[in-house]
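A structural walkthrough
Below are the chains, spelled out letter by letter.
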Amino acid sequence: MSAASCLLSEDQFLCSICLDVFTDPVTTPCGHNFCKNCITEHWNSNDQYLCPMCKEVFYTRPKLKVNTFISEMVSQFRQEAQQKASSSSSEQQAAKPGEVPCDVCTGTKLKALKSCLVCLTSYCETHLEPHMTVSRLKRHQLMDPVENLEDRLCMKHDKPLELFCKTDQTCVCMLCPVLNHKTHEFVPLKEEYEGKKAELGKTEAEIQQMIQKRRLKIQEIKHSVNLSNEDADRETAEGVQVFIALKESVERSLNELIETIEEKQRTTEKQAEDFIKELEQEISELMKRSSEVEKLSRSEDHLHLLQNFPSLKAAPPTKDWTEVSVRPSYEGTVVRAVAQLEETLSKEMKKLFEAELKRVQQYAVDVTLDPDTANPDLILSDDGKQVNHGDVWKNLPDNPERFSFCYCVLGKQSFSSGRFYFEVQVKGKTKWDLGVARESINRKGKITVRPQNGYWTIWLRNGNEYIACAGPSVSLSLQSQPQKVGVFVDYEEGLVSFYDVDAAALIYSFTGCSFTEKLYPYFCPCHIDGGKNSAPLIICPVNQTE
């Protein structure tokens, strides 16, 4: 019997009236089993004697006797269930702090395995068994154990929250639609759950995408750091090489200066030595003559004095030393040495600027003029590469992007990261403005071109006055007048530099700029000035130097 009972489930030992394990099981004539007390009370409360299971009617009340076979089976089942429960309880662990305890356990509270949303009770593995085996309990909704199941009851009606009010976006019980949420739209919790779960799926996908983008950005930043390290190493090596060469050049110039001065000093000393020898020789001859004159002057021989006087009276053959000087002139020696050093440094600087220009030219971009931003007085070429003042106002739409007063135009291309470079021919012009401007600049009425207003530019006035519009303006002293100007921007570095392309010379740099918007190339050919400034500004293709 023990082996047979192991194959049976609790459902087979449940009374269909009390839904509990049989107590004193009896069998009706139709073959169905009930608790003796359950079927007796059922027939006592009804006018007919019928089977609650198959509805068969008995015209006389059947005499019921306890079914000993089923009774023994039930007894055996109870014993095995108790042993199983005891064994299971010993294997289970008591609920730890932070874990949901079983609501049914007395004494030591075991860890809950599931919570029932219908019973609003949490069960350990042992006390969960009926929900796994009893048919009507199997229909209950189980979930991972949670605390405060009372929060799942409607606070107004003390009923389980089973519906979702889409109008108020809240969970409600079955009575709420009738009493408090009339005319509102309701759906079962499961339906709303599925919808929200789908939304969470989309949200999760979006979050994962954001995470992926940020991981890619981390890789990009790390790659940029590596590139920056390589650039720093290269610049350091080049800088060390240049400054060593400059140091050697300075030392060489200093040595040449010292050698020149020392050579002059040696020449002076040699000349002085020769003069002294010649003077000493003349002194010796003069002393000899002085002795002869003195001897003759003491002679008492009249005839002898008169005969020798003519020879001693004549002036001795001596050199005129009045204008003779041995003081050397060192004036201009240092100046000439410094000038020579400056020439050497200029050559080295030119090499550096040529290398720098070659590097920035690698970031050349194709820029074209945007006619929607052009002042109505300006004339743009069909290819969008040239602009000049036409002195004839055109009737164009005054859209927000257009400059209404100043003779300006922006490029079509915008830049919000990285580096970019373009070149503009300014040959033949007496006035012009060039640079970059941010997207939000004022384009109506008079404008003040300076960084505070979103402009980073240089300009030419009166044919030879070059100004960096830095606010306050900076006057620029250039060795030659640029015929072609290069404009370079490093967005992240906050750098805007201008180059004389033909001379490979740096004109001016705005440093420490803070860019937060899109930047556009900026052009202003200025007024035609009676034909003196009629030449156009021309955006040129960049020919990188070899």
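Note: the structure precedes this text.
This text gives an overview of the structure that appears in the document. Owing to the predicted nature of the structure, the values given are computational and were not obtained by experimental measurement. (Residues numbered from 1 in each chain as written. Predicted model: local features only at pLDDT ≥ 70, side-chain atom pairs only at ≥ 80, totals over all residues. Heavy atoms only, no water.)

1. Quick word on the sheet that holds strand E23 (residues 537–540)
Where strands meet in a sheet, backbone hydrogen bonds hold them as pairs that are either parallel or antiparallel. Taken together, the seven strands give an open sheet; going across it, the order is E11-E12-E23-E14-E19-E20-E21, and neighbouring strands pair in antiparallel fashion. Each having just a single partner strand, strand E11 (378–380) and strand E21 (505–510) make up the two edges of the open sheet. Averaged over all pairs of adjacent strands, the angle between their axes in this sheet comes to 20 degrees, without regard to strand direction. Contacts from helix H9 (residues 333–360) reach strand E14 (419–425), strand E19 (484–490), strand E20 (495–500) and E21, with the element oriented near 120 degrees to E20. (Pairing = 2+ DSSP bridges. Helix = DSSP H or I, 4+ residues; strand = E, 2+ residues; numbered from the N terminus. Axes fitted to C-alpha atoms, helices over the stretch in contact; angles between N-to-C directions. Contact = heavy atoms within 4.5 Å.)

2. Observations concerning the pairing of E14
Burial analysis of E14 places five of its seven residues in the buried class, the great majority of the element. Where E14 meets E19, seven bridges bridge the pair, whose relative direction is antiparallel. For Gln425, the partnering residue across the bridge sits in E19 and is Lys484. Pairing of E14 with E23, which is carried by three bridges, proceeds in the antiparallel orientation. Across the sheet, the residue bridging to Glu423 is Cys540, located in E23. (Buried < 20%, exposed > 50% of the residue type's maximum accessible area, 1.4 Å probe, protein only.)

3. Considering the sheet that holds strand E17 (residues 465–468)
The strand order across the open sheet formed by six strands is E13-E22-E15-E16-E17-E18, and the pairing between neighbours is antiparallel. Single-partner strands in this sheet number two, and they are strand E13 (409–410) and strand E18 (474–476). Relative to strand E22 (residues 519–524), strand E15 (residues 432–438) runs antiparallel, the two sharing six bridges. Bridge assignment links Ala437 to a residue of E22, and that residue is Tyr520.

4. Observations concerning the nonpolar core
Counting 36 residues, the largest nonpolar core has Trp432, Ile458 and Phe523 as its most contacted members. For Ile458, the contacting residues outside a window of four places in its chain are Trp432, Asp433, Leu434, Ile467, Ala468, Leu476, Val485, Phe498, Ile507 and Tyr508. Core analysis: the second largest hydrophobic core is formed by 20 residues, Phe13, Val26, Cys51 and Ile70 among them. (Core = buried A, V, L, I, M, F, W, Y, C linked by side-chain atoms within 4.5 Å.)

5. Description of the side chain of Thr373
With respect to the helices and strands, Thr373 occurs in the loop between H9 and E11. Reaching out from Thr373, the side chain makes a polar contact with the backbone nitrogen of Leu410 at a distance of 3.0 Å. Every residue in contact with Thr373, bar those within four places of it in the chain, is listed here: Glu401, Arg402, Phe403, Cys408, Val409, Leu410 and Arg443. (Polar contact = N/O pair within 3.5 Å; in protein donor to acceptor, adjacent residues only side chain to side chain.)

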